[in-house]
Amino acid sequence: MGTLWLVGMMGAGKTTVGWLVADRVGRPFVDLDDDVVAAAGSSIPDIFAMQGETAFRALEHAALMERAGSEAVVACGGGVVIDERNVARMRAEGVVVWLDAPAEVLRGRVGDGEGRP
């Protein structure tokens, strides 16, 4: 199967579903945002504030490229699909699953968005 990529809006449940699926299929779970934070040595809001979205997206792309082809379940950041290179790589290296939820549910999960870029 290759990599199982979970994509969707912020608050769609990618991390929660990712852990559940990884446990069920016996694969490692990866949150791509954790890879970005580890590579940058700072939080995502700090990356956005100090370096900007372009720098964040470059880090995100690099993290995705490192995980491509792995036998992991990977929860991607909500904006990962903005970069067509990411979408092409995810499709080539595994299965992409879009998690969706109604706007009211997303709003309830994310709240006012504090601490999120």
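The structure under discussion appears in the preceding block.
All figures in this text were calculated on a predicted structure; none of them were measured in a lab.

1. Some remarks on the overall build of the protein chain
So, point 1. Scanning the protein chain for helices and strands turns up six helices and four strands.
So, point 2. Going from N to C terminus, the protein chain has its helices and strands arranged as β-α-β-α-α-α-β-α-β-α.
So, point 3. For a compact globule of 117 residues, the expected C-alpha radius of gyration is about 13 Å, and the protein chain comes in at 14 Å, within 12% of that figure.
So, point 4. Long-range pairs, those at least 24 residues apart, make up 71% of the contacts in the protein chain between residues at least 6 apart in sequence.
So, point 5. Taken as two groups, the 11 positive and 17 negative side-chain charges of the protein chain have centres that lie 5 Å from each other.

2. A short note on the environment of Asp31
So, point 1. Residue position: Asp31 is located in strand E2 (residues 29–31).
So, point 2. Residue classification places Asp31 among the buried residues on the basis of a relative accessible area of 14%.
So, point 3. Sequence separation between Asp31 and Gly13 is 18 residues; the distance between their C-alpha atoms is 12 Å.
So, point 4. Every residue in contact with Asp31, bar those within four places of it in the chain, is listed here: Thr15 and Ala75.

3. Describing the pattern of salt bridges
Oppositely charged side chains can form a pair if their charged atoms are brought close together.
So, point 1. If you walk through the whole model with that rule in mind, you get six salt bridges.
So, point 2. Among the ionic pairs, Arg57 bridges to Glu53, the shortest N-O distance being 3.1 Å. One end of the pair, Arg57, and the other, Glu53, are both in helix H4 (residues 53–67), four residues apart, so they sit about a helical turn from each other.
So, point 3. Among the residues examined, Arg57 registers a relative accessible area of 22% and is labelled partly exposed.
So, point 4. Classification of Glu53 as partly exposed rests on a relative accessible area of 40%.
So, point 5. Here Asp83 makes a salt bridge to Arg85, at a shortest N to O gap of 2.7 Å.
So, point 6. Through salt bridges with shared partners, a single network forms among Glu53, Arg57 and Glu60.

4. Section: the sheet that holds strand E4 (residues 94–99)
So, point 1. Spatial strand order, E2-E3-E1-E4: four strands in an open sheet with parallel pairing. The sheet is open, and its two borders are formed by E2 and E4, each paired with just one other strand. Between one strand axis and the next, the sheet turns by 20° as a mean value, whatever way the strands run.

5. Looking at the packing of H4 against helix H5 (residues 84–92)
So, point 1. Between H4 and H5, whose axes approach to 10 Å, the crossing angle comes to 10°. The angle between the axes of H4 and H5 places the two elements in the roughly parallel class. Residue-level contacts link His61, Leu64 and Met65 of H4 to Arg85, Asn86, Arg89 and Met90 of H5.
So, point 2. Residue classes in the contact of H4 with H5 are distributed as three nonpolar, two polar and two charged.

6. Comments concerning a nonpolar patch on the surface
So, point 1. A contiguous nonpolar surface patch, about 290 Å² in accessible area, is contributed by Met9, Val81 and Trp98.
So, point 2. Secondary-structure assignment places Met9 in the loop between strand E1 (3–8) and helix H1 (14–25).

Scoring rules and cut-offs
- Chains are numbered independently. Their residues run from 1 in the order of the written sequence.
- Residue-level local features of this predicted model are given only where pLDDT is at least 70; pairs of side-chain atoms are given and counted only at 80 or more, and the full residue set underlies all totals for whole chains, interfaces and linings.
- As a convention, hydrogens and water are excluded, and side-chain values are obtained from all of the structure's heavy atoms.
- A run of H or I in DSSP becomes a helix once it reaches four residues, and a run of E becomes a strand once it reaches two; helices and strands are each numbered from the N terminus.
- In this description the radius of gyration comes from C-alpha coordinates, and the expected globular size is given by 2.2 Å times residues to the power 0.38.
- When checking whether two residues touch, look at their non-hydrogen atoms; a contact exists if any pair is within 4.5 Å.
- Here the positive residues are Lys and Arg and the negative ones are Asp and Glu; neither His nor the chain ends is included.
- Charge positions are represented by NZ for Lys, CZ for Arg, CG for Asp and CD for Glu.
- Relative accessible area decides the class of each residue, using a 1.4 Å probe on protein chains only: under 20% of the type maximum gives buried, over 50% gives exposed, and in between gives partly exposed.
- Salt bridges are identified by distance alone: a Lys or Arg side-chain nitrogen within 4 Å of an Asp or Glu carboxyl oxygen.
- Whether two strands pair comes down to DSSP finding at least two bridges between them.
- Interaxial angle, 0 to 180 degrees, is taken between N-to-C directions of lines fitted to C-alpha atoms, where a helix line uses only the stretch in contact.
- These descriptions rest on fixed angle ranges, namely under 35 degrees for roughly parallel, over 145 for roughly antiparallel, 65 to 115 for roughly perpendicular, and the rest for oblique.
- Three classes are used: nonpolar for Ala, Val, Leu, Ile, Met, Phe, Trp, Tyr, Cys and Pro, charged for Asp, Glu, Lys and Arg, and polar for all others, with Gly counted as polar.
- Patch definition: residues above 30% relative accessible area lacking any salt bridge, with like charges linked at up to 9 Å and the nonpolar side chains Val, Leu, Ile, Met, Phe, Trp and Tyr linked at up to 5 Å.
- Here the accessible surface of atoms and residues is derived via Shrake-Rupley with a 1.4 Å probe, and residues count as covered only by protein chains that are part of the display.

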